[in-house]
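Tertiary structure, described
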Amino acid sequence: MKKTLLFLIIAYSISFVACNKNNNMEYENGGVVLNFDDHYVQEWIRADSLLKKYNWKATFNVTMINKLDAQQIEWLQYLELQGHEIAGHGLNHKEAVEYISKYGMDKYLNDEVDSMTYLMNQKFNKITSFTYPGGSRNKEIDSNMFERFSILRATTYGAEEPKKQRCFFNGSHLVFGLGIDENYEHYSKEYLEELLKYTRDNDCILILYAHHITESVDGIYQMKLSTLDYICDYAKSNNIKFMTLSDLADL
Ligand SMILES: [Zn+2]
């Protein structure tokens with residue numbers, strides 16, 4: 001009986017996950033991983049209250065956990081209870097390559113990573129994903145980080161045609177997100193629409209990140225709440241699945 005169940009689970013998984021011709025993972029109807037970096041907790045909680053209607057799911061990558069107040073921690077715990085993921089983004093938001101070149105790998109891992117995880121694991125579920133501040137990384141750093149996390153997220157830039165974009169999940173546990181704050185040169189609503197359409201039509205998993213979520217954009221690292229509403233509406237209407245970073249580790 002157990003064997004039959006196992007067989008069914010394996011068969012089911014194989015039927016929904018495969019590689020397409022661009023080596024991206026195919027996932028029936030596609031998926032979207034929405035990331036929000038840093039510590040704009042009040043904006044995130046407000047967005048959550050407005051986007052619940054889509055059953056949306058996001059990953060909140062938190063930095064400076066030691067500087068957040070009790071209310072911010074409580075809001076993050078609430079987001080986690082709603083099914084969102086809380087992930088790590090460095091204790092002090094130091095860029096890895098630069099920090100390591102000055103102080104060495106051990107000090108980076110101690111100061112920025114293990115100290116962060118220690119504090120975060122007391123407040124949230126075990127932290128299993130990490131996003132690099134500034135996307136700063138290399139292979140040596142990755143190999144040390146994979147001893148600690150199942151998914152690492154870096155960044156990619158540029159408005160490549162979708163089939164050449166690196167912001168789709170290809171099975172590697174090192175993933176690349178595309179920034180959708182409006183200050184990124186590659187950002188436009190039209191390009192975002194193109195990526196979403198490609199995600200739907202090719203059963204891909206799209207990985208995006210942003211920072212502030214605001215009514216109107218008046219500075220850097222901001223995206224409009226209405227754009228986020230559009231993404232969630234598009235995903236829900238097209239049966240694109242909302243996924244977290246740690247969901248990718250299980251595919
Ligand atoms: Zn950041």
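Owing to the predicted nature of the structure, the values given are computational and were not obtained by experimental measurement.

**Description of the overall build of the chain**
- Assigned secondary structure in the chain consists of nine helices and twelve strands.
- A globule of 251 residues ought to have a C-alpha radius of gyration of about 18 Å, and the chain, at 18 Å, matches this closely.
- Taken over the C-alpha atoms alone, the chain extends approximately 50 × 45 × 35 Å along its principal axes.
- Burial status across the chain gives 49% buried among its 251 residues.
- Look at the contacts in the chain between residues 6 or more apart in sequence, and 71% of them connect residues 24 or more apart.
- Carbon and sulfur atoms form 50% of the exposed surface of the chain, whose accessible area is close to 12200 Å².
- Positive and negative side-chain charges of the chain, numbering 26 and 35 respectively, have mean locations separated by a distance of 5 Å.

**Quick word on the coordination of the zinc ion**
- Taken together, the protein ligands of the zinc ion are Asp38 (OD), His89 (NE2) and His93 (NE2), with distances of 2.0 to 2.2 Å.
- Sequence spacing among the residues donating to the zinc ion works out to D-x50-H-x3-H.

**Concerning the side chain of Thr155**
- The topology assignment puts Thr155 in strand E7 (residues 151–156).
- A polar side-chain atom of Thr155 sits 3.1 Å from a polar atom in the side chain of Tyr157.
- With near-sequence residues (within four places) excluded, Thr155 lies in contact with Gly134, Gly135, Arg166, Phe176, Gly177 and Tyr209.

**Considering the packing of aromatic side chains**
- Applying the stated criterion across every chain, the model contains 14 aromatic pairs.
- A ring pair is formed by Tyr99 and Tyr103, whose centres lie 4.8 Å apart and whose planes are at 50°; its orientation type is tilted. One end of the pair is Tyr99 and the other is Tyr103, both in helix H4 (residues 96–103) and four residues apart, which spans about a single turn.
- In this structure Tyr99 comes out as buried when scored by relative accessible area, which is 13%.
- Using a relative accessible area of 46% as the deciding quantity, one classes Tyr103 as partly exposed.
- Ring centres of Phe168 and Tyr198 lie 5.3 Å apart, and the angle between their planes is 45°; on these two criteria the pair is classed as tilted. Here Phe168, found in the loop between E7 and strand E8 (174–179), pairs with Tyr198, found in helix H7 (residues 189–202); they are 30 residues apart in sequence, far enough to count as distant. Just as Phe168 is buried, Tyr198 falls in that class too.

**Here we look at the environment of Thr199**
- One can find Thr199 in helix H7.
- The spacing of Thr199 and Gly31 is 168 residues in sequence and 7.3 Å in space, taken between C-alpha atoms.
- With near-sequence residues (within four places) excluded, Thr199 lies in contact with Asn29, Gly30, Gly31, Phe168, Cys204, Leu206 and Ile240.

**Section: unusual backbone geometry**
- Unlike most non-glycine residues, Asp38 shows phi in positive territory, near 95°.
- At His93, a position not held by glycine, the phi torsion is positive, near 60°.
- Structurally, the position occupied by His93 is in the loop between strand E5 (85–88) and H4.

What counts, and at which threshold
Residues numbered from 1 in each chain as written. Predicted model: local features only at pLDDT ≥ 70, side-chain atom pairs only at ≥ 80, totals over all residues. Heavy atoms only, no water. Helix = DSSP H or I, 4+ residues; strand = E, 2+ residues; numbered from the N terminus. Rg over C-alpha atoms; globule rule 2.2 N^0.38 Å. Buried < 20%, exposed > 50% of the residue type's maximum accessible area, 1.4 Å probe, protein only. Contact = heavy atoms within 4.5 Å. Areas by Shrake-Rupley, 256 points an atom, 1.4 Å probe, with all protein chains shown as cover. Lys, Arg positive; Asp, Glu negative; His and termini not counted. Charge placed at Lys NZ, Arg CZ, Asp CG, Glu CD. Donors = N, O, S within 2.8 Å, 3.2 Å for Na, K, Ca; no water. Polar contact = N/O pair within 3.5 Å; in protein donor to acceptor, adjacent residues only side chain to side chain. Phe/Tyr/Trp six-rings, centres within 6.5 Å; stacked < 30°, edge-to-face > 60°.

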